[in-house]
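Working through the structure, step by step
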Amino acid sequence: LHDALPISILNQKVNGQPLVYFDNGATSQKPQVVLDAITQYYSEINANIHRGVHTLSQLATDAYEASRAKIQRHLNAKNPHEIIFTAGTTHGINAVANGFAALLQSGDEILVSAMEHHSNIVPWQMLCERTGAVLKVIPMNENGELILSEYESLLSAKTKIVTVNHISNALGTINPVEYIIQKAHAVGAAVLIDGAQATPHLKPDVQALDCDFYVFSGHKVCGPTGIGILYGKEEWLDRLPPYQGGGEMIATVRFEKTTYADLPHKFEAGTPNIAGGIVLGTAIDYLNEIGFEAIAAYEQELLEYATQKLEQIEGLRIIGTAANKTSVISFNIGNIHPYDIGTIIDKLGIAVRTGHHCAQPIMDFYQIPGTVRASFAFYNTKEEIDTFVAAVERSLSMLK
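Now for a quick tour of the structure. (Residues numbered from 1 in each chain as written. Predicted model: local features only at pLDDT ≥ 70, side-chain atom pairs only at ≥ 80, totals over all residues. Heavy atoms only, no water.)

Looking now at helix H2 (residues 55-75). Along its 21 residues, H2 runs 30 Å from first to last C-alpha, staying within 8% of the 30 Å computed at 1.5 Å per residue. Among all positions in H2, only Ser57, Ala60, Thr61, Tyr64, Ser67, Arg68, Ala69, Ile71, Gln72, His74 and Leu75 are buried. Following H2 by one or two positions, Asn76 has its phi on the positive side, about 55°. (Helix = DSSP H or I, 4+ residues; strand = E, 2+ residues; numbered from the N terminus. Expected span 1.5 Å × (residues − 1). Buried < 20%, exposed > 50% of the residue type's maximum accessible area, 1.4 Å probe, protein only.)

Another point: the packing of helix H9 (residues 274-290) against helix H10 (residues 292-310). Running from N to C, H9 and H10 cross one another at 70°; their axes reach a closest spacing of 5 Å. Compared by their axis directions, H9 and H10 come out roughly perpendicular. In this structure, H9 contributes Leu287, Asn288 and Ile290 to the contact, and H10 contributes Phe292, Ala294 and Ile295. Partitioning the contact of H9 with H10 into residue classes produces five nonpolar, one polar and no charged. (Axes fitted to C-alpha atoms, helices over the stretch in contact; angles between N-to-C directions. Parallel < 35°, antiparallel > 145°, perpendicular 65-115°, else oblique. Contact = heavy atoms within 4.5 Å. Nonpolar A, V, L, I, M, F, W, Y, C, P; charged D, E, K, R; others polar.)

Turning to the nonpolar core, a few remarks are in order. Judged by nonpolar contacts, the single largest core of 69 residues is most densely connected at Ile71, Val162, Tyr214 and Ile362. Element by element, the count of residues in this core is highest for H9, at ten residues. Beyond its immediate chain neighbours, meaning those up to four positions away, Tyr214 contacts His166, Ile193, Gly195, Ala198, Thr199, Pro204, Val206, Leu209, Ile229, Leu230 and Tyr231. Residues Tyr298, Ile333, Ile345 and Ile385 belong to the second largest nonpolar core, which totals 29 residues. (Core = buried A, V, L, I, M, F, W, Y, C linked by side-chain atoms within 4.5 Å.)

Further remarks concern the packing of aromatic side chains. With the rule as written, the count across this model stands at eleven aromatic pairs. Judged by centre distance (4.8 Å) and plane angle (85°), the ring pair of Phe22 and Phe376 falls under edge-to-face. Within this pair, whereas Phe22 is found in the loop between strand E3 (20-21) and helix H1 (32-45), its partner Phe376 is found in the loop between strand E17 (371-375) and helix H13 (382-399), the two being separated by 354 residues in sequence. In this structure, Phe22 and Phe376 share a single accessibility class: buried. Ring centres 4.9 Å apart and planes at 70° place the aromatic pair Tyr41 and Tyr42 in the edge-to-face group. Judged by relative accessible area, which is 4%, Tyr41 ranks as buried. An aromatic cluster is defined as three or more aromatic residues linked by ring pairs; in this entry it consists of Phe22, Phe331, Phe376 and Phe388. (Phe/Tyr/Trp six-rings, centres within 6.5 Å; stacked < 30°, edge-to-face > 60°.)

This is the structure:
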């Protein structure tokens, strides 16, 4: 797949060595078609949307709304107005958490999992502080899998929302979100799925999942930074108050009273990231052209190959060994600090992520300061994995 639609940034050298980019869990690289679409927007149709009768404004509006419809089809949402453009996953989660402040009472319960990114922990803690709700945690086991029996025992009539990631950014675990959603709905709770790490690897069907909210970021699906999607069922988006006030999200404004616009504009205050919204649609087209089944199969090959190679290194421990996982490998070697390994292999042109990966509770669970995380995408190769493994071995010879 890496030769099918080349990405020019991957052809450069870093510290005199060919770049091996294994930090895809943090952000993906952008194909030329995405870069061209950004340039085309600003050079040909740059104008504000929804507010002008002139030609450029209408062209920009049409392109922006066409992208919304494209993403609706990609997620299999029922309606285009259930697709809200945001600044990213974090923005989407905060919008929902803020809205739930109007729905919760003291003693109500919110469930998060033990493997959440900070972006899917902190907004709910802030919500609990505001409302008196109680945050409860779905535990996980040593393999990095949620303990579903414990999850079931936590659910009750007090549970108002369950919020879990589809795939763990730190462990690669693919969570059984269909089961989680079904059990939450059985007690009347809403469900938000953090899809930031899932959408680069699979194609979510929000109607088949039956989730109430699904969020993801454009920059992890070969799109620009500063753009993301909040999907919400129409009935839930109607219930929640708007997250921000300003232009675009209003129907009428009087000093005595303001009324809000219909969906999706109710949640899209101010001038949006117009180029980002349009080009996110371009990135989704690009990935669908490759095909998510092909992406998943190839990335599984990379995961199995890298796992086999890394396990041959003496003292290496993989953190996160779930039976169902995607192309992420987090590991430590003995008592060597992950930062030291990451720094040395960077000198050899290899980009990985080191640290707690915005998932400190996971690191506390394993009683480690962090990990080295290699996260693979469809444009990576087995040859790059060989280079990476050799670099890790070389770093060990320098650090022991």
